[in-house]
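Structural characterization, general
As a plain string of letters, each chain reads:
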Amino acid sequence: EQRIGVSFRRYLVSFFSGEHFFLSPNLFWFFIALIVHFAAPYDIASARQGVETGWLFHRFAFNLLLAGTYYSLFFFGTYVAGWAKRKFLPTCYPTIGNLLHDLWYWAIGILVWTLMEAVMVRTWASGRVDFKSNDQVLQEPALLVKNIACIILVPVWRDVHFHFAHKFIHIRALYKYVHSLHHRNPDPNPFSGLAMHPVEHLYYFSAAYVPSLYVSDLSPLVFLYNFVHLILAPCCGHSGFEDHFQSDQFHYVHHAKFECNYGGPGCAFIDVWFGTFRERLGTSREYQGEWRDGEGKADIAIARPTGVKSGSHPARRPSANNGSLGFPASLDQFIYTTFSVVAGVLLFLRLRDPATVPFDLASLLSPNLIAFLVAFAPVILALLLCLTFKDRLSWRWPFHKEAVFGSFGMTLLFGLAEVTPVWHAVRLACPGADEDEAKSVGVVG
């Protein structure tokens, strides 16, 4: 039952009382970010000419250790030590194949995180985006207040961003090639939280660029906290249990029922406004969306795991039937996957010092072009593939009954708007981008 505390009024009370930050996991994650900020600060000076491969490798190793420790401890507590007792589906547990699948895409998420950090570090190192050191922030009261305000607002921004970015990738064209991977887990475990397609990682992590990319005089701590929040929050929210720190029944209902509860419990009022709020796993009295149980079932991988074994004890089932590693299932999936890998490699090469790249990549890939390939091309390619290969469902499904100049149009508009910071950040990070491009983004001065 999720109806308690989902009103906008309750959200305002939580914000203005400080409960949303000081009496929630947000404060815990901020302390983790604060420790990382002082123990392993960004090496901005080393990226003046371009991102160094050595720095990228070491940062990836550090991020892998940080996130791996957090996720492993939580997995151990819930699935090994038995510290949590109430599992949503007591007979469903991940197999070795399920875990390898989740760990593979989880690790790719850490790699994408590191690459997106490198993009932001490059914007600071090039001088195209302003930032302030610890001493500067602490010496000027106005700067200190400004940075504290941004830190407190990070969870609010994350709530709003997640709802619309998440709903955006549920549009059929994107869902088929991107988000369906995450929904292979109808009964998730902690590592399922970041088990996403790299394009989904990109769009989910795009929240980290706001406000740091657009607001001057901010400490790198604001960006780091934003990212630590993005990385660690999915762990507990996908545990599969309901009796622990930051348990998230609200999002579990989304995995079980698919087209509902797009946001987190903190901003459930947005789902209430759009009629996509579902308060329980059983028959809902609140849900007003167009989707019905079973619609598109063969395509969206929401069926409960099968293969129950007999025995004297409750039988255990795999948490996902198709949650295992393998080759792309079709030609269109292969094309999309290949494009995603190539775009990622080109971004990495384009961020490096041109003198270290064996060919003149800068003249072939302008900052505008590589930014387009990374930010907007995945959306366009998904739509083209969906139409070319004649998908049996509308490219707008399950929002095909919503008005274009209404709810669906708003989903599309907000989704594209949330991709835009990636476009801006990549343009500014590329060696060779000029001052005029920085001014056009509005981050100079």
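Further up the page is the structure itself.
Anyway, here's the lowdown on the structure attached to this text. These figures come from a predicted structure and were not determined experimentally.

1. Examining the overall build of the protein
The secondary structure content of the protein amounts to 19 helices and two strands. Looking at the 445 residues of the protein, the share that counts as buried comes to 56%. Pairs at least 24 apart in sequence give 76% of the contacts found in the protein among residues at least 6 apart. When the accessible surface of the protein is summed, it comes to about 19,200 Å², and 66% of that surface belongs to carbon and sulfur atoms.

2. Digging into the packing of helix α7 (residues 141–168) against helix α10 (residues 220–237)
At a minimum axis distance of 10 Å, the contact between α7 and α10 shows a crossing angle of 25 degrees. Viewed along their axes, α7 and α10 adopt a mutual orientation that is roughly parallel. Once α7 is placed against α10, the crossing between them reads as right-handed. In this structure, α7 uses N147, C150, I151, V154, P155, W157 and R158 to contact α10, whose residues at the interface are L221, V222, Y225, N226, H229, L230 and A233. Tallied by class, the residues present in the contact of α7 with α10 amount to ten nonpolar, three polar and one charged.

3. What about helix α11 (residues 249–257)?
Counting buried positions along α11 gives eight out of nine residues, so the element sits mostly inside the fold. All buried positions along α11 are accounted for by F250, H251, Y252, V253, H254, H255, A256 and K257. Residues of α11 that are buried in the fold lie against α7, α10 and α12 (268–274). Structurally, the start of α11 carries an N-cap: the backbone nitrogen of F250 is 3.2 Å from a side-chain oxygen of D248. One or two residues past the end of α11 sits F258, with phi positive at roughly 80 degrees.

4. With respect to the packing of aromatic side chains
Taken as a whole and assessed by the stated rule, the structure comprises 38 aromatic pairs. Consider the rings of F75 and Y79, whose centres lie 4.9 Å apart with planes at 10 degrees: the pair is stacked. Taken together, the residues F75 and Y79, both in helix α4 (residues 53–80) and four residues apart, mark about one turn of the helix. The pair formed by F75 and Y79 is uniform in burial state, with each residue classed as buried. Plain terms: the ring middles of Y79 and F241 are 5.3 Å apart, the flat faces sit at 85 degrees to each other, and that makes the pair edge-to-face. You can see Y79 sitting in helix α4 and its partner F241 sitting in the loop between α10 and α11, a full 162 residues away along the chain. Judged by its relative accessible area of 14%, Y79 is buried. Of the residues examined, F241 reaches a relative accessible area of 2% and is grouped as buried. For the cation-ring pair, K87 lies above Y93, with the distance from its terminal atom to the ring centre recorded as 5.1 Å. Across from the ring centre of Y287, 4.6 Å away, lies the NZ or CZ of R278, which sits over that ring.

5. Some points on unusual backbone geometry
For the bond running from V210 to P211, omega is 15 degrees, close enough to zero to count as cis. Note that P211 resides in the loop between α9 (198–205) and α10. Put simply, W397 and P398 share a cis peptide bond, and its omega is 0 degrees. Here P398 is to be found in the loop between α17 (377–388) and α18 (407–429). With a phi close to 45 degrees, N261 is a non-glycine residue in the positive phi region. Here N261 is to be found in the loop between α11 and α12. In this model, K390 sits at a positive phi of 50 degrees, which is unusual for a non-glycine residue. Its place among the elements puts K390 in the loop between α17 and α18. Taking the relative accessible area as the measure of exposure, K390 reaches 69% and is therefore exposed.

6. Comments concerning a nonpolar patch on the surface
A cluster of nonpolar side chains, namely F8, L12, F16, V272 and W273, defines an oily patch on the protein surface of about 540 Å² accessible area. No other element matches the three residues that helix α1 (residues 8–16) contributes to the nonpolar patch. Its place among the elements puts L12 in helix α1.

Conventions used here
- Residues numbered from 1 in each chain as written.
- Predicted model: local features only at pLDDT ≥ 70, side-chain atom pairs only at ≥ 80, totals over all residues.
- Heavy atoms only, no water.
- Helix = DSSP H or I, 4+ residues; strand = E, 2+ residues; numbered from the N terminus.
- Buried < 20%, exposed > 50% of the residue type's maximum accessible area, 1.4 Å probe, protein only.
- Contact = heavy atoms within 4.5 Å.
- Areas by Shrake-Rupley, 256 points an atom, 1.4 Å probe, with all protein chains shown as cover.
- Axes fitted to C-alpha atoms, helices over the stretch in contact; angles between N-to-C directions.
- Parallel < 35°, antiparallel > 145°, perpendicular 65-115°, else oblique.
- Left-handed = near helix turned anticlockwise from the far one by under 90°.
- Nonpolar A, V, L, I, M, F, W, Y, C, P; charged D, E, K, R; others polar.
- Polar contact = N/O pair within 3.5 Å; in protein donor to acceptor, adjacent residues only side chain to side chain.
- Phe/Tyr/Trp six-rings, centres within 6.5 Å; stacked < 30°, edge-to-face > 60°.
- Lys NZ or Arg CZ within 6 Å of the ring centre and 35° of its normal.
- Patch = residues over 30% accessible without salt bridge, like charges linked within 9 Å, V, L, I, M, F, W, Y side chains within 5 Å.
- Salt bridge = Lys/Arg side-chain N within 4 Å of Asp/Glu carboxyl O.

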